[in-house]
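Residue-level listing of the chains:
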Amino acid sequence: MATAVKLSGITRRFGPLKANDNVSLSIEKGTIHALVGENGAGKSTLSNIIYGLLCPDSGTIEIDGKPVHFSSARQAIDAGIGMVHQHFKLVPSLSVTENIILGREQGRFRIPSSHLAEQIRKLGEQHGLETDPEALVCHLSVGQQQRVEILKLLYRQARLLILDEPTAVLSPTETERLFITLRSLVTEGRTILLITHKLDEVLALSGTVSVMRKGTLVGTLSTALATKESLARMMVGRDVLLRTANPIQSTGRTVLSINRLTCSGLDGVEKLRGLSLKVSAGEIYGIAGVEGNGQNELLSLLWGTFEGEALSGGSITIDGKPVKGMNPAEIAGLGVSMIPENRHKSAIIAEYGIKENLLLGRHREKEFHQGPGFNRTKTENLAKALIESYDIRCAPGTNPAIGSLSGGNQQKVVLAREMERPGLKLLVLAHPTRGVDIGAIEQIHKKVLEARQNGLAILLISSELEELIALSTRIGCLFKGAIRHEFTEAEVREGREKESGFEKQIGMHIT
Amino acid sequence: MSRKTVEPFIPLLSLLFALTAGSGIIAATGSDPLEVYGKMLRSTFTSGYGSGQVLFRATTLIFTGLAVAVPFRVRLFNIGGEGQLLMGAFATTLCGITMPQETPAFIALPVLILSAMITGGAWALLAGWLKVRYGVNEVISSIMLNFIALGLTGYLLTNRFALPSTVHTKTITPGGFLPNLDTLSDLGWHSPANFSFVIAIVAVASVTLLLYRSRYGYATIASGLNPEAARHAGINTAQHTLVAMTLGGALAGLGATNLILGYKHWFEAGLTSGAGFIGIAVALLAQAHPVWLIFSALLFAWLDYGGLAVNTMVPKDIFMMVQGIAILAIISFPALFKTNLKKKVK
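Residues numbered from 1 in each chain as written. Chains lettered and ligands numbered in written order. Predicted model: local features only at pLDDT ≥ 70, side-chain atom pairs only at ≥ 80, totals over all residues.

Describing the pairing of strand β11 (residues 254-264) of chain A
Residues and elements named next belong to chain A.
Stage number 1. One ladder, built from 8 bridges, connects β11 with strand β12 (residues 270-280); its direction is antiparallel. Directly across from Leu256, in β12, lies its bridge partner Val279.
Stage number 2. In this structure, β11 lies alongside strand β14 (residues 313-318), joined through 5 bridges in antiparallel fashion. Paired with Thr262 across the two strands is Gly313, which belongs to β14. (Pairing = 2+ DSSP bridges. Helix = DSSP H or I, 4+ residues; strand = E, 2+ residues; numbered from the N terminus.)

Here you go:
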């Protein structure tokens, strides 16, 4: 088979850091080639080099056997390379057609859009990417937007498609659909480079897989010979427990009780429609659901940060106390910790050091006070103890700005702070391992299960079904602002044994 | 050189750049730059009167600089120092002239100082409240409040409180006079420098402790760096915004202790000579750090008074330009370095 892309000895430095160190890789034409690795392993740098967004410091690139030097993405596009970024590059206020022809407009003054729209509609039908060419992009779902991105590449006649974490935002059904499209594109002779950290997808979809770690290419192998465990080991450099043991545990009294919760967004659209659930001590209640089905509203109502709270109906009680009208400080005072969905936005202050971030939200605890300031010895001791027990990686005795740490390390800081809150009864976790490396995921899962064993009530919201199945005691399926179906403890335990079937079952209830 | 290693030197670099550019302009007007700078140094640092003048001007600038630096911590740009200073000065004068002549100092001084702080603070709070409640840009509202303060004090002065055929009010009660530095020690400077300088230093120390050592400052800075995360951690960011803005206004108002209580003892037209505006520059040069602010205020005071001292050789306007160039350089140098580094990457 012919080679679509051949990289030899690619090295790219950012300051002292070697993001890519002597990477050599061949991608065969007509295959799906997966590129896996932890955050910061150099996957994105490598794909940006292929796409012409970055120039390598040394090494050569050959496309279809011809050496090339890209100094811009334009040249890469002309050479038949296309890329779907993790965050889509679409103009929301333009139509699908306009977005697709952007940068390729023909005709100087008037764009013959009706004829183009027809062409795009046909192109979509050919590849299972049906979209309405006239629709405005801002009215499309994430899955549809992704189809537009792919159509854009096909319209430009890309022969090599680079997809960066394409399933991160998709529901299980949309993912299935994407996979079918990708397989059909390959049979037409196109080549796909799939960048991901989801090992299941690698195994299900790709023919060949390359693993990167710390800027180097650890190995390339045929997917048929790979297992999840072997890939994880290559990525992390040691054995990784993919599934933390989840022993059976009896549950205690009800801690969180949500009763017929309703609310509308500022635009008047109903976001929650009678959501009810109960979480008991010693239990992890998992909420499965596609993003935008009311998760954000539930979280902000739980934490007292919802705007227009007065307009919401139903009740939330924690240990029998209604939380309506309380602010975050008062809710935290009841023994509640919340790990929000977006770490960077709501859980850390990037410029503050680890020490200061470990105090954030806990700076009101009398324990750490001294006069109008903080007791330095006590805050130091807290930091030392948490850095130690949560395995937060930083040079000993230093206090680096948290923004300079890896995602996994940042999340460990947040977790340490929130899980060690004195008198904690209820822990709310939203996507606790999003953007976190496999190695750190394992540690975080262990800590969460440990907390459950210590009698905490835990509410877990995650878009990773795998994570929900591994950790949850019960699972509620959230759809359009209400729990549509609840899997009992026995059902979840059974489902854990035959995971893929169970994932499909959950998937049916959330779409 | 990376951006990180350059950053601390940006104020110094831009200052050097400004002085060099100033030399060019001075040379273009036909004078010898070295001689001019030399005379500026001699007339300020070797003469007691000159040093006192610089100290006096720096005192007001420290206050108006703090008025910018404190709200800066919650990401508010308080351009309203001039108006807050004017309102504080006018309020303290009004209190001072209505008080009985024989009011003892231990009553008069606290009342007058507080009245300046409260009025300045309230004037700033107005802009802060508009921001928190309605999201009105504080830059625009505080500029407008400057105009209103200027008009209001101007009207009240000329139409109500000015002594006939003068542009100033009556003298305040003697109990409200702050001692001149000459009377505190045997300096013999015969300059307007007064006890307010000590108040300014105490204000800097208090602000530094409040911001960097107290729990309250921890929460204030957190609100400024990442309001969303601060709110999530249960910090009332709106309250911190209001307090920081009010504190800034109160500090600007404190500038009146220097101008009214320490020197003029009455309110007059053109009292502030733009100290509120120069305070913005002072805070920018110090990168809004309270301690650096003292040096930055001294520098601007030196350029200001030194410019007057060499008035016979070079027009004072030249030094206004040097001040402007310095600020422009401080603002643009970081951006310049950034783009240069970017180019290198490509």
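Having seen the model, we can carry on.
Examining unusual backbone geometry
Negative phi characterises most residues that are not glycine, and trans characterises most peptide bonds.
Residue and element names in this part refer to chain A.
Stage number 1. Although it is not a glycine, Gln157 adopts a positive phi angle of roughly 60°.
Stage number 2. As for its position among the elements, Gln157 is in the loop between α5 (142-155) and β7 (160-164).
Stage number 3. Among the residues examined, Gln157 registers 10 C-beta atoms within 10 Å and is labelled exposed.
Stage number 4. Located in the positive-phi region is Glu165, a residue other than glycine, with phi close to 45°.
Stage number 5. Relative to the helices and strands, Glu165 is located in the loop between β7 and α6 (172-187). (Buried ≥ 20, exposed ≤ 12 C-beta atoms within 10 Å, placed from the backbone.)

Some thoughts on the domain arrangement of chain A
All names here are of chain A.
Stage number 1. Here chain A is partitioned into domain 1 (3-236) and domain 2 (254-510).
Stage number 2. Inter-centroid distance (C-alpha atoms) of domain 1 to domain 2 is 33 Å.
Stage number 3. Facing the 9 residues of domain 1 at the interface are 11 residues of domain 2.
Stage number 4. Taken together, the elements giving at least two residues each to the side of domain 1 that touches domain 2 come down to α6 and α8 (228-236).
Stage number 5. Residue contributions to the side of domain 1 that touches domain 2 peak at 3 residues, all from α8. (Domains from an automatic or database assignment. Contact = placed C-beta atoms within 7 Å.)

Some details on helix α2 (residues 10-28) of chain B
Residues and elements named next belong to chain B.
Stage number 1. Across its 19 residues, α2 extends 27 Å between first and last C-alpha, which sits within 8% of the 27 Å expected from 1.5 Å per residue.
Stage number 2. Taken together, the buried positions of α2 are Ile10, Pro11, Ser14, Ala18, Gly22 and Ile26. Burial along α2 is one-sided: seen end-on, the buried residues are contained in an arc of 140°. Facing away from the buried side of α2 by over 90 degrees, the exposed positions are Leu12, Thr20 and Gly24.
Stage number 3. Two residues or fewer past α2, Gly30 is found with a positive phi of approximately 95°. (Expected span 1.5 Å × (residues − 1). Arc of directions from axis to C-beta.)

Examining the interface of chain A and chain B
Bring the parts together and some accessible area is lost; that lost area is often taken as the interface size.
Stage number 1. Listed as interface residues are 20 residues of chain A and, on the opposing side, 15 residues of chain B.
Stage number 2. Every element with two or more residues in the side of chain A that touches chain B is listed here: α10 (328-333), α11 (343-346) and β18 (373-374) of chain A.
Stage number 3. The residue inventory of the side of chain A that touches chain B, partitioned by class, reads 11 nonpolar, 7 polar and 2 charged. (Nonpolar A, V, L, I, M, F, W, Y, C, P; charged D, E, K, R; others polar.)

What about the packing of helix α4 (residues 48-72) of chain B against helix α5 (residues 81-98) of chain B?
Residues and elements named next belong to chain B.
Stage number 1. The interhelical angle for the contact between α4 and α5, taken along N-to-C directions, is 125°, at an axis separation of 10 Å. Taken together, α4 and α5 sit at an angle that is classed as oblique. Seen along the crossing, α4 lies across α5 with a hand that is right-handed. Facing Thr64, Ala67 and Val68 of α4, the residues of α5 in contact are Gly81, Gln84 and Leu85.
Stage number 2. Of the residues in the contact of α4 with α5, the class split is 3 nonpolar, 3 polar and no charged. (Axes fitted to C-alpha atoms, helices over the stretch in contact; angles between N-to-C directions. Parallel < 35°, antiparallel > 145°, perpendicular 65-115°, else oblique. Left-handed = near helix turned anticlockwise from the far one by under 90°.)

Side note on the packing of α5(B) against helix α7 (residues 138-161) of chain B
Each pair of packed helices can be summarised by the angle the axes make with each other and by the distance between the axes.
Residue and element names in this part refer to chain B.
Stage number 1. Axis separation between α5 and α7 bottoms out at 8 Å; the angle between their running directions is 30°. With respect to each other, α5 and α7 are oriented roughly parallel. Two packed elements cross with a definite hand, and for α5 against α7 that hand is left-handed. Counting all contacts with α5, which are made through Glu82, Gly83, Leu86, Met87 and Phe90, the residues of α7 involved are Leu145, Asn146, Ile148, Ala149, Leu150, Thr153 and Leu156.
Stage number 2. Residue composition of the contact of α5 with α7, by class: 8 nonpolar, 3 polar and 1 charged.

Here we look at the nonpolar core
Stage number 1. Grouped together as the largest cluster of nonpolar side chains are 148 residues, with contacts concentrated most on A:Val428, A:Ile458 and A:Leu460.
Stage number 2. A total of 6 residues in this core trace back to one element, the largest contributor, which is helix α15 (residues 438-453) of chain A.
Stage number 3. When we break this core down by domain, the ones giving at least three residues each are domain 1 (3-236) and domain 2 (254-510) of chain A.
Stage number 4. Apart from the residues lying within four places of it in its own chain, the contact partners of A:Ile458 are A:Ile284, A:Leu427, A:Leu429, A:Val448, A:Ala451 and A:Arg452.
Stage number 5. If you look at the next biggest cluster of nonpolar residues, it comprises 91 residues, including B:Val36, B:Ala275, B:Trp302 and B:Val310. (Core = buried A, V, L, I, M, F, W, Y, C linked by C-beta atoms within 7 Å.)

Some thoughts on the confidence of the model for chain A
Predicted coordinates in areas of low pLDDT are best not read in detail.
Stage number 1. Overall, the predicted model of chain A reaches an average pLDDT of 87, with 97% of residues at or above 70.
Stage number 2. Put simply, helix α4 (residues 113-126) of chain A is where chain A has its lowest mean pLDDT, 83, and strand β20 (residues 457-461) of chain A is where it has its highest, 95. (pLDDT = per-residue confidence, 0-100.)

Describing the sheet that holds strand β2 (residues 17-28) of chain A
All names here are of chain A.
Stage number 1. Ordered by their spatial adjacency, 4 strands build an open sheet running β2-β1-β4-β5, and the pairing between neighbours is antiparallel. The sheet is open, and its two edges are formed by β2 and β5 (66-68), each paired on a single side. Each neighbouring strand pair of the sheet contributes to a mean axis angle of 25°, computed without reference to strand direction.
Stage number 2. Sheet topology places strand β1 (residues 3-14) next to strand β4 (residues 58-63); 5 bridges connect them, and they run antiparallel. Of the residues in β4, the one forming a bridge with Lys6 is Glu62.
Stage number 3. Across the face of the sheet, helix α1 (residues 43-50) comes into contact with β1, β2 and β4 while running at roughly 120° to β1.

Digging into the sheet that holds strand β13 (residues 283-288) of chain A
Residue and element names in this part refer to chain A.
Stage number 1. Spatial strand order, β16-β19-β20-β13-β21-β22: 6 strands in an open sheet with mixed pairing. Across the chains shown, the open sheet's two edge strands, defined by having one partner strand only, are β16 (336-339) and β22 (482-487). This sheet shows a mean twist of 20° between the axes of neighbouring strands, independent of strand direction.
Stage number 2. Here strand β19 (residues 426-430) runs beside β20; their pairing, made up of 5 bridges, is parallel. By the bridge assignment for β20, Leu426 is matched with Ala457.
Stage number 3. Across the sheet, helix α18 (residues 499-510) is in contact with β13, β21 (474-479) and β22; its angle to β21 comes to roughly 35°.

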